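Results of the structural survey
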Amino acid sequence: MVLMILSLAMMLSCQMGETTSTESTKSENDKPNIIIIYADDLGYGDVGAYGSTELKTPHMDALAKGGVRLTNGYASSATCSPSRYALLTGSYPWRNKRAKILPGTAPLLISTTQQTIPKMLKAQGYHTGIVGKWHLGLGSGNVNWNEHIAPGPNEVGFDHAYIMAATQDRVPTVYIENGYVSQLDKSDPIEIDYAKNFEGEPTGKDNPELLKLKWHHGHNSSIVNGIPRIGFMKGGESAKWVDENMADTFLVRAQHYVKAHKDQPFFLYYALQQPHVPRTPHERFIGSSGMGPRGDVIVEADWCIGEFMKTLKEEGLLENTIVILSSDNGPVLNDGYYDDAVEKLGSHTPSGGLRGGKYSLFEAGTRVPFIVSWPGVIKPSISDALVSQIDIFSSLATLVGSELRGQDSQDLLDVFMGKSQTGRDDLVLEATTRTALRKGSWVMIPPYKGPAKNDRVNIELGNDPDYQLYNLATDLAQQENLATSHADKLDEMKALYAEIKGSNIAENEQLELK
Ligand code: NG6
Ligand code: CA
């Protein structure tokens, strides 16, 4: 019956001189859909395909199994905003002095004149969408959250945007759809301030009795949904998100986006909020990992990826869609709330044996899960090639026939397609405005002032008064500093580092060049 109706419809459309839907889809399908699934603070060792045995991530593992699993894939930075900036623009974050962890009131970090992946793809006929975490600033200062909020994602290339402005732990705790706060009641306007509270409003610091989640450090300003946040917020009651529903909300939006735009090539940036704090699994996932909320939200994120992939399959898009899965920076356990991340970790190692974690110049800060899947096109493989998320820009440009290139972005399409094992020669790694250089298997970290370790998060930052030099080929865990014993190598690295960074040497950098 269905078939009959279909063939009748096709006959009719042919008679009317139109191409059949099958034909038009085929020609458009020459350009694959492109999806970037970007987790927040997911560590190298948090994924089964990267060695996690305690924490199960079957859906991420399935992507890895069917695609290229990169073992030397890096986020450009050990924190969020700089990594996202670099991912979308193909430029090193340290070129932009404002590319630091942004408050919810920060102006847009990407210039509207800058090239971005979505702009580049739009010019090649793609529809472009973002669902999830933005954290790249909005407006041009002093945003009025009750009116049209711009510039933002729509002004840097996204046709459609359904986002949270900053992080789940920062105000405003509302969703923003194409520049407008979703579900806002104008008679209860939103006010945001990162410096001072609004009179009479409770805070995490003064009203512990109102909290369902206790703060450990930071996170003691406004309370939303029983969770103390960074920054002060007043009003906007009807628009406030329910943290426990966030995963479902973004998933449904991402699925809807795919269904709505499947008839033209599309680019979707699906930016998951997990496992960043506050970790608030939906009740379906509570207890699912045995590791407390951090593990549970990773299980939840993995489920979301599975559901999302199911939608691609149901819509017949699997074979014409590239899915890139990665994370914006490495893992952290206690990032400011008492949520048992440390206490219930058991034998799981989020860093996968790498040194450091989020905020760190050591490997676990920036080396992240990095998977490229395109069923039927990419032959499953494991690649040790050195690649950065910065390279996605130019590689996708080549794929879709664009001549545009990101400033620091290398065309590594063949690596991402599993056809070559030759990645970058070198890469500058960044962590909270400090930088280091990787070249081949060597990593050089210049001297930095500052504590060796951030005790609150219990992570070694990579700071040392002396140069550090590690050979990852023999010392993946960065235990043996070879700066003295390999002085020639150190000099070579210093010279290249100075050449790449040029005048962009950070203020706290104790760089001594001969
Ligand atoms: C830090 C927050 C941390 C997290 C981070 C941003 C404190 C003490 N810590 O300042 O909890 O929000 O910023 O993380 O406030 S990121 O992944 O978005 O970069
Ligand atoms: Ca992050």
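Residue numbering note: each chain is counted from 1, following its sequence as written. A letter from A marks each chain and a number from 1 marks each ligand, given out in the order of writing. The model is predicted, so local features are restricted to residues of pLDDT at least 70 and side-chain atom pairs to those at 80 or more, both for listing and for counting; the totals for chains, interfaces and linings are taken over all residues. Values reported for side chains reflect all heavy atoms of the structure, with hydrogen atoms and water molecules removed beforehand.

1. As for the packing of aromatic side chains
Here is the rule we go by: The pairing test for Phe, Tyr and Trp rings, Trp by its six-membered ring, is centres within 6.5 Å, and the orientation test on the planes gives stacked under 30 degrees, edge-to-face over 60, and tilted for anything in between. To sit over a ring, a charge needs its Lys NZ or Arg CZ within 6 Å of the ring centre and within 35 degrees of the ring normal.
On inspection of all chains with the given rule, the structure shows 15 aromatic pairs. Cluster of aromatic residues (ring-pair linked, three or more members): Y38, W134, F158, F267 and Y269. Taking NZ or CZ as reference, R253 lies 3.9 Å from the ring centre of Y162, over its face.

2. Focus on the coordination of the calcium ion (ligand 2)
Short version of the rule: Metal donors were taken as nitrogen, oxygen and sulfur atoms no farther than 2.8 Å from the ion, or 3.2 Å where the ion is Na, K or Ca. Water is excluded, so coordination may look unfinished. Working rule for geometry: tetrahedral if four donors all subtend angles between 85 and 135 degrees; square planar for four, octahedral for six, if opposite donors exceed 155 degrees and the others stay between 65 and 115; irregular in every other situation. Buried, partly exposed and exposed residues are distinguished by accessible area as a fraction of the type maximum, computed with a 1.4 Å probe on protein chains only: under 20%, between the cut-offs, and over 50%, respectively.
Every protein donor of the calcium ion (ligand 2) is accounted for by D40 (OD), D41 (OD), D328 (OD), D328 (OD) and N329 (OD1), and the metal-donor separations fall at 2.2 to 2.7 Å. Taken together, the six donor atoms surrounding the calcium ion (ligand 2) define angles of 51 to 171° at the centre, an arrangement classified as irregular. In primary sequence terms, the donor set of the calcium ion (ligand 2) follows D-D-x286-D-N. Here the two residues D40 and D41 agree in accessibility, since each one is buried.

3. As for the pairing of strand β16 (residues 434–439)
For clarity, the cut-off: Secondary structure follows DSSP: runs of H or I at least 4 residues long count as helices, runs of E at least 2 residues long count as strands, and numbering of each begins at the N terminus. Note: two strands are recorded as paired if DSSP finds a minimum of 2 bridges between them.
When you tally the buried positions in β16, you get five out of six residues, the bulk of the element. As paired strands, strand β15 (residues 426–431) and β16 are joined by six bridges and run antiparallel to one another. Each residue of the ladder has a partner; that of E430, found in β16, is T435. With antiparallel pairing between neighbouring strands as the criterion, β15 and β16 make up a hairpin whose turn holds two residues, including T432 at a positive phi of roughly 40°. Two strands pair when backbone bridges link them, and β16 and strand β17 (residues 442–445) are joined in this way by three bridges, in the antiparallel orientation. Residue R438 lies in a different strand from β17, and its bridge partner there is V443. Hairpin connection of β16 to β17: two residues between the antiparallel strands, including G440 at a positive phi of 60°.

4. Here we look at the site of ligand 1
Here is the rule we go by: What makes a residue near a molecule or strand is one non-hydrogen atom of that residue sitting within 4 Å of it. In protein, a polar contact means a hydrogen-donor-capable atom and an acceptor-capable atom, both N or O and within 3.5 Å, with residues adjacent in sequence counting only if both atoms are side-chain atoms; elsewhere, any N or O pair within 3.5 Å suffices. In this description, accessible areas are obtained by the Shrake-Rupley approach with a 1.4 Å probe, and a residue is regarded as covered only by the protein chains that are shown. In this classification, the charged set is Asp, Glu, Lys and Arg, the nonpolar set is Ala, Val, Leu, Ile, Met, Phe, Trp, Tyr, Cys and Pro, and all remaining amino acids, among them Gly, are polar.
Around ligand 1 there are 21 residues in total, and C80, D169, R170, D335 and K358 lie nearest to it. D41 has a polar side-chain atom sitting 3.1 Å from an oxygen atom of ligand 1. A distance of 3.0 Å separates an oxygen atom of ligand 1 from a polar atom in the side chain of H219. In isolation ligand 1 has 450 Å² of accessible area, and contact with the protein removes 88% of it. Its residues assigned to classes, the shell around ligand 1 shows five nonpolar, eight polar and eight charged.

5. Section: the nonpolar core
Definition in use: Nonpolar cores were defined as sets of buried Ala, Val, Leu, Ile, Met, Phe, Trp, Tyr and Cys residues, with membership established by side-chain atoms within 4.5 Å. Here, residues are in contact when the closest pair of their heavy atoms is within 4.5 Å.
Formed by 104 residues in total, the largest nonpolar core has its most connected members in W134, L268, Y269, Y270 and F308. Element by element, the count of residues in this core is highest for helix α7 (residues 293–314), at eight residues. Apart from the residues within four sequence positions on either side, Y269 is in contact with I36, Y38, R84, L87, L88, G129, I130, V131, K133 and F158. One finds A78, L386, A431 and I445 within the second-largest nonpolar core, a separate group that totals 30 residues.

6. Things to note about the sheet that holds strand β6 (residues 180–181)
Our working rule: The angle between two axes is taken between their N-to-C directions and runs from 0 to 180 degrees, where each axis is a line fitted to C-alpha atoms and a helix contributes only its stretch in contact.
In space, the 10 strands of this open sheet follow the order β6-β5-β4-β3-β11-β1-β12-β13-β2-β14, with mixed pairing throughout. Each edge of the open sheet carries a strand with a single partner, namely β6 and β14 (381–388). Note: strand β4 (residues 160–164) against strand β5 (residues 175–177), three bridges, orientation antiparallel. Of the residues in β5, the one forming a bridge with M164 is Y175. Seen against the sheet, helix α9 (residues 392–400) touches β1 (33–39), β12 (321–327), β13 (370–373) and β14 and runs at an angle of roughly 165° to β1.

7. Brief notes about the domain arrangement of the protein chain
As a reminder, the rule being used: An automatic or database domain assignment provides the domain bounds reported here. As used here, buried area is the combined drop in accessible area, with a 1.4 Å probe, of two parts when they are placed together. Throughout this description, the term salt bridge denotes a Lys or Arg side-chain nitrogen within 4 Å of a carboxyl oxygen of Asp or Glu.
If you check the domain split of the protein chain, you get domain 1 (31–190 + 235–421) and domain 2 (427–513). Taking the mean C-alpha position of each, domain 1 and domain 2 sit 27 Å from one another. Across the contact, 34 residues belong to domain 1 and 30 residues belong to domain 2. Carbon and sulfur atoms make up 60% of the surface buried where domain 1 meets domain 2, a total of about 2,600 Å² over both sides. Area buried by domain 1 at its contact with domain 2 is led by W94, R355 and L361, which between them contribute 32% of it. With a shortest N-O distance of 2.8 Å, R355 and E460 are connected by a salt bridge. The tally of links from domain 1 across to domain 2 stands at 12 residue pairs in polar contact (both at pLDDT 80 or more).

8. Thoughts on the pattern of salt bridges
Following the criterion strictly, the structure yields 24 salt bridges and no others. For D41, the salt bridge identified is with K358, shortest N-O distance 2.8 Å. Of the two residues, D41 sits in the loop between β1 and α3 (58–65) while K358 sits in the loop between β12 and α8 (363–366), which places them 317 residues apart along the sequence. In terms of burial, D41 and K358 fall into one category: buried. One salt-bridge network, held together by shared partners, links D40, R84, K133 and D328.

9. Overview of the pairing of strand β3 (residues 127–133)
Look at any regular strand and the pattern is simple: side chains alternate between the two faces of the sheet. The element β3 is largely enclosed, with a buried count of seven among its seven residues. With six bridges connecting them, β3 and strand β11 (residues 266–271) associate as parallel partners. Paired with G129 across the two strands is L268, which belongs to β11. Of the strand pairs in this sheet, β3 and β4 are connected by five bridges, and their pairing is parallel. Counted as the bridge partner of K133 is M164 from β4.

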